[in-house]
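Structural characterization, general
The primary structure of each chain is shown beneath.
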Amino acid sequence: MTTATTARCRVMIPAQPQVLWGWPAVANFVLGGLGAGWYVVAVLAAGFERSPGVTVASWVAPVLVMAGFAAVAGEAGRPRRGPRVLTRLRTSWMSRELLIGIVFVSLVAADLIFPLRLHRAQAVVAASLLALAQGFIVRRARGVTAWDVPIVPVLFVLSALLSGGGAYLLVETGTGRPLTPTTVGVGVALVAAAFVAWGRYLVWTSEDSFVRAVAPLRATGSALVIDGAGYGLPVLLGLLALATPATAGPVLALAGALLIIGQAWAKARLIRVAGQLRPITLTIALAKRRSS
Amino acid sequence: MTRWGMAVDVRRCVGCQTCTIACKQEHGLPAETAWRFVADCEVGEYPDVRRLFLPMQCMHCAQPPCVPVCPTGASRQREDGIVWVHDDACVGCGYCAMACPYQARHLVHTGSGYFETPTPSEAARAHPERHGVMTKCTFCKERVDGGVGRGLRPGVDPDATPMCALACIAGAIVFGDLDDPDSRVARLAADPRAQVLMPECGTEPRVYYLAD
């Protein structure tokens, strides 16, 4: 028996699930994205005019965003110190998220009181930045392998647009307002692009800890909900609506519901299940036995 | 310029957890919280297996990812490199714990003790200001600062040295000024066998590990 020594990086403490950010954090990301995305989609679809869809989004979207903040505040150890969160705008995306959220709500409120295209345009920018800030909050979590990925902010923006688009579809079809083929076509293209981005995220790196962390997102159950119901079916339903305008209403309503469910599920799984703390590694030598 | 750091010789560590207990006692930590621990690691696959003990704590990184993400400014870094949390400013959001690659931050949910009611010792060392906020290893900055103020040398004089290094029965933990070339910690950090945990994270830890 002889031995050979090899020094290489080895896992000393395995990855373990993060436990500090639970359902309240998920609620913040889901509701914030939904509210922000809904407002953006509604205003863009209306060409910055004051449409009934914009009015509904203007009343509900800020409530969703604030509900998300309220949920996550309840998770904090010292929620009464909440206003202090605004003090590190230069470095912290969490500070920026709160400020942008407040600005968004203020601009939408201003638009409700004094309707102006300028207010709507500014609120669209704020809503987009809110979704981006939420993405960067997750991106800057360096201790969580599946979150510390450059494409995550893009995913959050796309997710906000998709879930917001879903809410928009539900309201528009529910109130019997027809959607133009162009709007539906753009929506289908957006869902398809988001699907590509999501797929790219799942294979972002071959690093073992990342592959293990995102494995639950690729598992059959999650894939059915996220990939199938959240991306695939809405695209098919959108194409069906374009092909058969007579049945477009209920078809698009179903697509809208699926978009919301798919994105909410994806965020919940990303935070709660794929949120694995980075394994601790050390380079050490290990003697390897060889038969002589 | 002083730059506090630590060197841990994992070849010496026997996994006794004395440093863990000394830290908990020094800082009056509640039952569910430990700012440091010794991981009992088994690496490799049979028959090529090795067991070793890895003392874990805050790495007091030169580029700490926990500091910029903090939304309240409670997470701070001193000029001498010590990373700490201002209890009165922390909102307890847990973001710093998500940003730390070394699992070194802990949210103190309650001040629970080991029994139904606090023992006299627990009551005497309770820190209600830490409830609901993030906590972490401070390199025993009170001991270090107090010692420096009295003209002592941290890492050399026991009264100015962090409790974990002082309590280690195997002399595996060495603390001192990394910028002092004559200090033991600086010499150990310069050893070719010295390494930091996960250098790919770019955090430039100031806790060095000596392993084979």
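For every chain, the first residue of the written sequence is number 1, and numbering continues from 1 onward in sequence order. Throughout, the order in which chains and ligands are written sets their labels, letters from A for the former and numbers from 1 for the latter. At least 70 in pLDDT is required for a residue's local features to be given in this predicted model, at least 80 for side-chain atom pairs to be given and counted, and no such filter applies to totals for whole chains, interfaces and linings, which use all residues.

Think of it this way: any DSSP run of H or I at least four residues long counts as a helix, any run of E at least two long counts as a strand, and we number them from the N terminus. Looking at the element boundaries, Ile-102 of chain A is found in helix α3 (residues 93-113). As a C-alpha pair, Ile-102 of chain A and Ala-126 of chain A span 24 residues in sequence and 9.3 Å in three-dimensional space.

A separate point is unusual backbone geometry. All names here are of chain B. Each neighbour pair has its own omega, and for Tyr-46 with Pro-47 the value is 5°, a cis peptide bond. Within the secondary structure layout, Pro-47 lies in the loop between β2 (37-45) and β3 (48-56). Phi is positive for Phe-139, close to 60°, though the residue is something other than glycine. Mapping Phe-139 onto the fold places it in the loop between β7 (134-135) and α5 (141-149). Residue Cys-140 is not a glycine yet carries a positive backbone phi of 50°. Secondary-structure assignment places Cys-140 in the loop between β7 and α5. Classification of Cys-140 by C-beta neighbours within 10 Å gives buried; the count is 25. Three exposure classes are used. Buried residues have 20 or more other C-beta atoms within 10 Å of their own C-beta, exposed residues have 12 or fewer, and partly exposed residues fall in between, all C-beta atoms being placed from the backbone.

So, on to the nonpolar core. Each nonpolar core reported here comprises buried Ala, Val, Leu, Ile, Met, Phe, Trp, Tyr and Cys residues connected via C-beta atoms within 7 Å. Judged by nonpolar contacts, the single largest core of 158 residues is most densely connected at Ala-36, Tyr-39, Phe-104, Ala-127 and Leu-130 of chain A together with Ile-173 of chain B. When residues of this core are assigned to their parent elements, the largest contribution, 15 residues, is made by helix α1 (residues 23-45) of chain A. We call two residues in contact when their backbone-placed C-beta atoms lie within 7 Å. If near-sequence neighbours (up to four positions away) are discounted, Phe-104 of chain A is found in contact with Ala-36, Pro-62, Val-65, Ala-123, Ala-126, Ala-127 and Leu-130 of chain A.

This brings us to the interface of chain A and chain B. Facing 36 residues of chain A, the contacting portion of chain B comprises 39 residues. Taken together, the elements giving at least two residues each to the side of chain A that touches chain B come down to β1 (2-13), α3 and β4 (280-290) of chain A. The leading source of residues in the side of chain A that touches chain B is β4 of chain A, at ten residues. All amino acids are sorted into three groups, where Ala, Val, Leu, Ile, Met, Phe, Trp, Tyr, Cys and Pro are nonpolar, Asp, Glu, Lys and Arg are charged, and the leftover types, Gly among them, are polar. In terms of residue class, the side of chain A that touches chain B is made up of 16 nonpolar, ten polar and ten charged.

Take the sheet that holds strand β10 (residues 207-210) of chain B next. If you trace the four strands from one edge of the open sheet to the other, you get β8-β1-β10-β9 (chain B), paired in mixed fashion. The open sheet terminates on both sides in strands that have one partner only, identified here as β8 (173-177) and β9 (194-195) of chain B. DSSP-based pairing: two strands are paired if at least 2 bridges between them are found.

What follows concerns the packing of α1 of chain A against helix α5 (residues 152-174) of chain A. Residue and element names in this part refer to chain A. Interhelical geometry of α1 versus α5 gives an angle of 65° and a closest axis separation of 6 Å. With respect to each other, α1 and α5 are oriented roughly perpendicular. Every pair of crossing elements has a handedness; the one defined by α1 and α5 is right-handed. Contacts from Gly-33, Leu-34, Ala-36, Gly-37, Trp-38, Tyr-39, Val-40, Val-41, Ala-42 and Ala-45 of α1 reach α5 at Phe-156, Ser-159, Ala-160, Leu-161, Leu-162, Ser-163, Gly-164, Gly-165, Ala-167 and Tyr-168. Its residues placed into classes, the contact of α1 with α5 shows 14 nonpolar, six polar and no charged. Axis geometry follows a simple rule: fit a line to the C-alpha atoms, using only the stretch in contact for helices, then measure angles between N-to-C directions, giving values from 0 to 180 degrees. When describing relative orientation, an angle under 35 degrees is termed roughly parallel and one over 145 degrees roughly antiparallel, while 65 to 115 degrees is termed roughly perpendicular and anything else oblique. In this scheme the crossing of two helices becomes right-handed for a clockwise turn of the near helix relative to the far one and left-handed for an anticlockwise turn of less than a right angle.

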